[in-house]
Amino acid sequence: MKILVINLMRFGDIIQCAPLLHALKEEYPGAEVHLLVNSVFGHATSIIYGFDKLHIIDYEKLYGLTLEEKKMLPSSYKYLRDIFQHLRKEAFDLVINITPSNVGIMAASLTKSKQIHGSYMDEKGLRVINTPWMRYFHTACKVRQGNNINLVDLFVRGGGPSNGFYPLKVKVEESCKERIQQFLDSTVDYRIAFHLGASERRRTWEPKCFARVARMLKKDLNVQFILVGVDKEKDLALEFAQEFSWKFVNLVGKTDLMTLAAVLSEVDLLICHDSGPMHVASGVGTKVLSIFLATANPHETGPYGPGHIIIEPDLPCHPCDHEVRCDHYSCRKKIEPRAVGEIARSMLLGTLPDISGFEGIRVFRSRIGDDGMVELVPLRKLGWTLDRFAMLLWRCYWPVYIERAEPEKQIVDRLEDRLDSYFGRNEWLNRKEEIREQINVFDELIFLAEEGEYYSQKVLDNICTRSPDFCLINNWAGMLGQIDQYIKEWGYRNPSWMNPVQTFFLGKQSISGGSSIKEMAEESKASYTNLLDQIRGLRGVIQKLLGKEEYHGYAGKDGWEGNSDSFLHRQSGGASFASHGG
């Protein structure tokens, strides 16, 4: 069997796909696993395991397609034609596309594989995302505040193997470890590496803050400091040196990836941002203390594995969306060096840090959850928000919904445990009325999903007759379009619950058309049925959590009988789809 994994993303994303490659090797014994990456970050593959053959898309040549100079187009076209002809000759049995971009979609489609997991274009040029986990992966990219599943776990589950925990492992060459011994001080008790950079400068803490942390730790501990990073981060190292007068090893711009991995394997702690070296440190078994700023979301791309600690500013705007251009980035000044120093000290000594004296920060410790995925546990209770409640509920419910793995009671017990750890029992119990109100919120969406399912079935029934009435079918299709608009507006009015809405629309957009109108109608109905199942399931978990087996505001299959002044009732001029007229 031949499998191709398409990962045309950045350095850290390539490192993070290593557990998927391991999982594929375990799930498909004897399979030949290929990896397609882009030329800019292809060097990252030198330190990961799990693939047999590497393919590279040269992004500089691909960029020629976007240039206005017509002379570039023939050579760019020829390059693309040749590389995909080569990939098609491999005759892949399975392609797994974990790249949520148009280039990834195009690449998956042009391989002409027998089976594709992830996003691709069908014969009509429409985007298709054909597995539930991959749809959620794309949802998580759009609804970032609602996601609580690490990117590594999304890769593994989206790829389709079994759902166990696959650790992140990175290569460490013994020859590299021998070469770096000249830099290492054997007389110290601890070694700490600092990585001062990140993919964007707005996501970095000031070098002088790292220097203050180093001064604090040097006073208490016998420790050696090592700076790592790439050539373009030398200015950050210079700023650090201006603030830190003790001796340290500066390897910024002086190591290749193999050497970086060796260095990080020889330190006790890496203090860094959300960056590639953070994932390398996780992969060699070194503990990480990471500072997440600006757009960096620890629930998405935090260090993979147990025992790492993440600090982020306690601001309502953090993490900000990628499209946001902030005028102040006050998040970069919110975290005190004293807090980072105390946490680093406790990590070196193997004790749990006391963060009670530090305000304005959220601190998480990573662990392997009972669902086999990495999760973050706050070291201090967080303030209640509906967004956080929805995030925790979705994390408890979604994997079980997809895998049909556990009874409802276990989901409720798991949710209750997470609510206790995030907010404290008294805090979330005091929010029972707000939680109960979500049942009413869900009832409206349940009603809309039922109507969508009903009219989709009407279309199906009519199509299956000897003489389909296309006038009626067109009318019902119009009704479905109106229902979809109501569902979209429901999501805008209830942004905490955008996850199921976004997943629903990705499912609707992935209706490929098949070979007949009937198949399209069947897929459309399945989208409403899946949405209905999800919302009923979420509703049921809330009911169990509140200790109520039944909520009388819901009228079941006969339609929603909530507040008559609802948005839907107002928009339809007092009429209800539930009458099923026409």
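Being a predicted model, the structure only gives us computed values, none of them experimental. (Residues numbered from 1 in each chain as written. Predicted model: local features only at pLDDT ≥ 70, side-chain atom pairs only at ≥ 80, totals over all residues. Heavy atoms only, no water.)

## Let's talk about the layout of surface pockets
For the second largest pocket, the calculated volume is near 480 Å³. Forming the walls of the second largest pocket are 21 residues, and the residues nearest its centre are Gln145, Pro316, His318, Pro319 and Arg362. Only α13 (298–301), β13 (361–368) and α15 (386–403) provide two or more residues apiece to the lining of the second largest pocket. A breakdown of the residues in the lining of the second largest pocket according to their chemical character gives nine nonpolar, five polar and seven charged. (1 Å grid on protein atoms, 1.4 Å probe; cavity = no way out; pocket = protein on both sides within 12 Å on 5 of 7 lines; lining within 4 Å. Points joined across faces, edges and corners; volume = space filled by probe spheres on them. Helix = DSSP H or I, 4+ residues; strand = E, 2+ residues; numbered from the N terminus. Nonpolar A, V, L, I, M, F, W, Y, C, P; charged D, E, K, R; others polar.)

## Regarding the packing of helix α11 (residues 257–265) against helix α12 (residues 276–283)
Relative to each other, α11 and α12 sit at 60°, their axes nearing to 9 Å. Between α11 and α12, the interaxial angle falls into the category oblique. The interaxial crossing formed by α11 with α12 has right-handed handedness. Across the interface between the two elements, Leu260, Ala261 and Leu264 from α11 touch Pro277, Val280 and Ala281 from α12. (Axes fitted to C-alpha atoms, helices over the stretch in contact; angles between N-to-C directions. Parallel < 35°, antiparallel > 145°, perpendicular 65-115°, else oblique. Left-handed = near helix turned anticlockwise from the far one by under 90°. Contact = heavy atoms within 4.5 Å.)

## Examining the packing of α15 against helix α16 (residues 408–423)
One way to put it is that α15 packs onto α16 with a least axis distance of 10 Å and a crossing angle of 150°. For the element pair α15 / α16, the angle class is roughly antiparallel. Here the hand of the crossing between α15 and α16 comes out right-handed. In this structure, α15 uses Arg388, Phe389, Met391, Leu392, Leu393, Arg395, Cys396, Tyr397 and Val400 to contact α16, whose residues at the interface are Ile411, Arg414, Leu415, Arg418, Leu419, Tyr422 and Phe423. Tallied by class, residues from the contact of α15 with α16 come to twelve nonpolar, no polar and four charged.

## Observations regarding the sheet that holds strand β14 (residues 374–378)
Adjacent strands of a sheet pair through backbone hydrogen bonds, lying either parallel or antiparallel. Spatially, β9-β8-β7-β10-β11-β12-β13-β14 is the arrangement adopted by the eight strands of the open sheet, whose pairing is mixed. The open sheet terminates on both sides in strands that have one partner only, identified here as β9 (249–250) and β14. Set on the sheet, α12 makes contact with β7 (190–195), β10 (269–273) and β11 (287–291); between it and β10 the angle comes to about 155°. (Pairing = 2+ DSSP bridges.)

## Details of the pairing of strand β2 (residues 32–38)
Burial analysis of β2 places six of its seven residues in the buried class, which makes it a mostly covered element. The pairing of strand β1 (residues 2–6) with β2 spans five bridges and is classified as parallel. If you follow valine 5 over to β2, its bridge partner there is leucine 35. Across five bridges, β2 lies against strand β3 (residues 53–57) in parallel orientation. Residue pairing across strands places leucine 35 opposite leucine 54, the latter belonging to β3. (Buried < 20%, exposed > 50% of the residue type's maximum accessible area, 1.4 Å probe, protein only.)

## Details of the sheet that holds strand β5 (residues 116–121)
The mixed open sheet is built from six strands, whose spatial order is β3-β2-β1-β4-β5-β6. The sheet is open, and its two borders are formed by β3 and β6 (127–129), each paired with just one other strand. Taking each pair of neighbouring strands and ignoring which way they run, the sheet shows an average axis angle of 30°. In the sheet, β5 pairs with β6 via three bridges, with the strands oriented antiparallel. Bridge assignment links methionine 121 to a residue of β6, and that residue is arginine 127.

## What about the side chain of serine 290?
Within the secondary structure, serine 290 is located in strand β11. A polar side-chain atom of serine 290 sits 3.1 Å from the main-chain carbonyl oxygen of histidine 273. Sequence-distant contacts of serine 290, defined by excluding residues within four places in its chain, comprise Cys272, His273, Asp274, Met278, Ile309, Ile310 and Ile311. (Polar contact = N/O pair within 3.5 Å; in protein donor to acceptor, adjacent residues only side chain to side chain.)

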